[in-house]
Protein chains: 2
Amino acid sequence: MPAPDSRAAVLALDATDPTASLRQRFALPAGIIYLDGNSLGPPLASTADRVQRAVRTEWGGELVRAWNSCGWIDLPARVAARIAPLIGADGDEVAVADSTSINIFKLLAAALALRPDRPVILSEEENFPTDLYVAQGLAELLGERAHLQLVPRSKLLRSLGDQTAVLMLTHVDFRSGELHDMSEITRAAHDAGAMMLWDLAHSAGAVPVDLTACAADFAVGCGYKYLNGGPGAASFAYVARRHHEGLRTPLTGWMGHRDPFAFATAYEGAQGCAPLQVGTPPILSLIALDEALELFSQTDVEVLRRKSVALTGLFIDLVDHRLPDQGFTLASPRDPARRGSQVSLSHPEAFAVMQALIARGVIGDFRSPDLLRFGFAPAYTRFTDVWDAVSVLEDIMNDRSWDRPEFRVRPRVT
Amino acid sequence: MPAPDSRAAVLALDATDPTASLRQRFALPAGIIYLDGNSLGPPLASTADRVQRAVRTEWGGELVRAWNSCGWIDLPARVAARIAPLIGADGDEVAVADSTSINIFKLLAAALALRPDRPVILSEEENFPTDLYVAQGLAELLGERAHLQLVPRSKLLRSLGDQTAVLMLTHVDFRSGELHDMSEITRAAHDAGAMMLWDLAHSAGAVPVDLTACAADFAVGCGYKYLNGGPGAASFAYVARRHHEGLRTPLTGWMGHRDPFAFATAYEGAQGCAPLQVGTPPILSLIALDEALELFSQTDVEVLRRKSVALTGLFIDLVDHRLPDQGFTLASPRDPARRGSQVSLSHPEAFAVMQALIARGVIGDFRSPDLLRFGFAPAYTRFTDVWDAVSVLEDIMNDRSWDRPEFRVRPRVT
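Analysis parameters
Residues numbered from 1 in each chain as written. Chains lettered and ligands numbered in written order. Predicted model: local features only at pLDDT ≥ 70, side-chain atom pairs only at ≥ 80, totals over all residues. Domains from an automatic or database assignment. Contact = placed C-beta atoms within 7 Å. Helix = DSSP H or I, 4+ residues; strand = E, 2+ residues; numbered from the N terminus. Nonpolar A, V, L, I, M, F, W, Y, C, P; charged D, E, K, R; others polar. Least-squares fit on C-alpha atoms with pLDDT ≥ 70 in both. Buried ≥ 20, exposed ≤ 12 C-beta atoms within 10 Å, placed from the backbone. Pairing = 2+ DSSP bridges.

(A) Quick peek at the domain arrangement of chain A. All names here are of chain A. Here the domain parsing of chain A yields domain 1 (7-45 + 300-408) and domain 2 (71-297). Using only C-alpha atoms to locate each centre, domain 1 and domain 2 end up separated by 29 Å. The partner domain 2 presents 22 residues to the 30 residues of domain 1 that form the contact. Listed by contribution, the elements that provide at least two residues to the side of domain 1 that touches domain 2 are helix H10 (301-322) and strand S10 (342-346). The dominant element in the side of domain 1 that touches domain 2, judged by the number of residues it contributes, is H10, at 5 residues. Residues of the side of domain 1 that touches domain 2, tallied by class, amount to 14 nonpolar, 10 polar and 6 charged.

Shown next, in the form of structure tokens:
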């Protein structure tokens, strides 16, 4: 199919988009084309009032009674139950707590405990750094009992062996957007006698995942990217039901105790994956996440995935067609089946070009050393946004307006 | 000094209270006497709007740019700098991250790393359970290298020995409100060659603490009790500057990396206590905490402490005087120098009596098996609240209105 050659043709795609009405549920600022929902999703239009009400009416009105009267104590489980269908899990296989990093620590330790004679945590060099940092910290703590083996992606499967306790991978590569085949890799890990831990940070809410079908053991994911739960929203963690009995994680806090309000001296973990709860849950943050997840309860993730594939495909086609000689190289898979909900382009001036785009209201992000990263969250991104973003990019390249000193200044967060 | 014998006498105490104006900064519901700020502090009147604005303007308006443009990336450090003077620390010795439980895990591991030949984490049976659970989880993970030794309070100091790596105590006992002598105990720990970790959950914001003066090594504390940061607010953690060089905690995430946005494969911790940051910080929760802390930046903690002592003293005097034969026993120290900002009474029908009080709008809490717990947060509790609470308690005991079936029903959270 050739790239559309007019904005009108792209408008027609929006007109027939079955998910088009979802966009109005979001609070998106005027004049912005937001292609960074893979870093931080926007709030729903209703989130600000929901959180304000929670502060005023629940916290302020009920005070400590809100733990019971407003159901705060069950909120992590309710939020988990909303995430479960997005990742092919049952509600009681998911916990919502802490950050993705902290949850990786819990589950790597749980995996090592299930494979006590195997010291190796295997991952790829391309994995998201915090996943690797957490594994390094755990390995350093455990000395001889654990170490992190990092290999290039191409050598992953042949590096599985009888010393591998757990294979830890991120489903969608944060740089390239390349998808791992979860079924094939999980099977290979199991064939080698290893456990499989998936990081779904760049999948949940945009790329359908079926943890049950692929027989994964553990997974974690992020509440603030495609799930739109807000900056630093709580993370989710999955433990397959077959591992619930005897689940041991080293982060044992009162909220994971069988009976927290008995205030017993000895820890006894609750049933199921509830021991993944540690400290008092962050209620305001969970309420924002809960509000955002309501949208997914009314939305078919497969329909969102089809739109996501069409959005990323359109972007690639338009860049190919309209910017053939501007030094961009596609850094994401061309095959949509191997691509998440983002497209990355490499360019020698990636940093400055991205700053110029942001100055013109097209917000993507830069990833070192030379990537422009564009996320296409299907719930609120229009086909015309893709067209308009490429038009702005074309302008910027044609008039070299990226080539200014102010676009070379690195901010704290990129 | 005899107990005041009239509400008018108590009104005079409020009239001369130098901190009386602080109360109007809080959002407290009408008809409620709130004596459970030691469990969950109330919001400031400004918090609901501040959080709503953060969702609408910062998150919704700036989207991912807010990490730079709204200073989110530095928010944990700014909040930490506001907590520091309340605990006798410098701003760069405090980090705000995760939950109290998770921070205890980090600091216990850091303490064990500094005392590699000593396996014992020493604590008291009376300590808050989650502190003990975390130590148990860490000890189970480390096998021979660590174990938790629990002794009764009376045997603490003589249990310190050449195997003790770290002594972990909560400054204010969550049941009785009894204060430990931080200087004396820290000195004893150091004399035995052990590190000292203080949990300040029931101190910060109500009882002045001087970590520098008592030469503590590590401390943690809670954002949602006397600091009023909201349910599940982030916790703080303190590391004395002499331990910053080479600080090793096992929870190594990207936010504690020297250069998180370089996305390097190997972890290199940032300077100072910044490696206590792990995952992406919970911004909405930190904003609520920041708003609450602004109040303390204008308030002398020593003045608050004097009021706190007067409030708890008044409560004890009034209970002594007006309820001498109702089966109550004071479960807190009578000596104000040994008492935190709460008073606990034991009573055989404590649970039902507390439920009856709550039904009448006097909110304290129950702690198993027989304690009624009353927190007197000095920033918003009036002397007349104490008088009125005791009056309601007197009514309930005189007419035995606590003795109803509905007051025996245990909710999920007590």
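(B) Broad picture of the interface of chain A and chain B. If you look at the interface, chain A gives 76 residues, while chain B gives 76 residues. Elements represented by at least two residues in the side of chain A that touches chain B include exactly helix H2 (47-62), helix H3 (66-69), helix H5 (100-114), helix H6 (129-142), helix H9 (283-297) and strand S12 (365-367) of chain A. If one sorts the elements of the side of chain A that touches chain B by residue count, H6 of chain A sits on top with 10 residues. Along the lines of polarity and charge, the residues of the side of chain A that touches chain B split into 44 nonpolar, 23 polar and 9 charged.

(C) Spotlight on the relation of the copies chain A and chain B. It takes a turn of 180° to lay chain A on chain B, together with a shift of 0.0 Å along the axis; the resulting RMSD is 0.0 Å. Taken together, these values place the two copies in the relation of a two-fold axis. For chain A, the smallest separation between a C-alpha atom and the rotation axis is recorded for Gln52 of chain A, amounting to 2.6 Å. Interface overlap between copies is the fraction of interface residues in one copy that are interface residues in the other; for chain A against chain B it reaches 100%, indicating a shared surface.

(D) Structural detail: the pairing of strand S3 (residues 120-124) of chain A. All names here are of chain A. Counting buried residues in S3 gives 5 out of 5 residues, a clear majority hidden from the surface. Burial of S3 is two-sided: the residues Val120, Leu122 and Glu124 facing one way and the residues Ile121 and Ser123 facing the other way are all buried. For S3 and strand S4 (residues 147-151), the ladder comprises 5 bridges, and the chain directions are parallel. Opposite Leu122, over in S4, you have Gln149 as the bridge partner. Both S3 and strand S5 (residues 164-170) contribute to a ladder of 3 bridges, which runs parallel. Of the residues in S5, the one forming a bridge with Val120 is Thr164.

(E) Structural view of the environment of Val319 of chain A. Residue and element names in this part refer to chain A. Summarising the element assignment, Val319 is placed in helix H10. With 22 C-beta atoms counted inside 10 Å, the residue Val319 sits in the buried group. Spatially, the C-alpha atom of Val319 lies 50 Å from that of Trp59, the residues being 260 residues apart in sequence. Setting aside residues up to four positions removed in sequence, Val319 forms contacts with Phe328, Leu345 and Val390.

(F) Region of interest: the environment of Ser183 of chain A. Looking at the element boundaries, Ser183 of chain A is found in helix H8 (residues 182-191). When the C-alpha positions of Ser183 of chain A and Ala215 of chain A are compared, they lie 7.6 Å apart, and in sequence the two are 32 residues distant.

(G) Region of the structure containing the sheet that holds strand S13 (residues 371-375) of chain B. All names here are of chain B. Reading across from one edge, S9-S10-S13-S12 is the order of the 4 strands in this open sheet, with antiparallel pairing throughout. Two strands lie at the open edges of the sheet, namely strand S9 (329-330) and strand S12 (365-367), each paired on one side alone. One ladder, built from 2 bridges, connects S9 with strand S10 (residues 342-346); its direction is antiparallel. Counted as the bridge partner of Thr329 is Ser346 from S10.

(H) Region of the structure containing unusual backbone geometry. Between Ser368 of chain A and Pro369 of chain A the backbone carries a cis peptide bond, its omega angle lying at 0°. Relative to the helices and strands, Pro369 of chain A resides in the loop between S12 and strand S13 (371-375). For Leu63 of chain B, which is not glycine, the phi torsion reads 55° and is therefore positive. Residue placement: Leu63 of chain B occurs in the loop between helix H2 (47-62) and helix H3 (66-69). For Leu63 of chain B, a count of 24 C-beta atoms within 10 Å translates into the label buried. At Ala215 of chain B, a residue that is not glycine, the phi angle is positive and equals roughly 65°.

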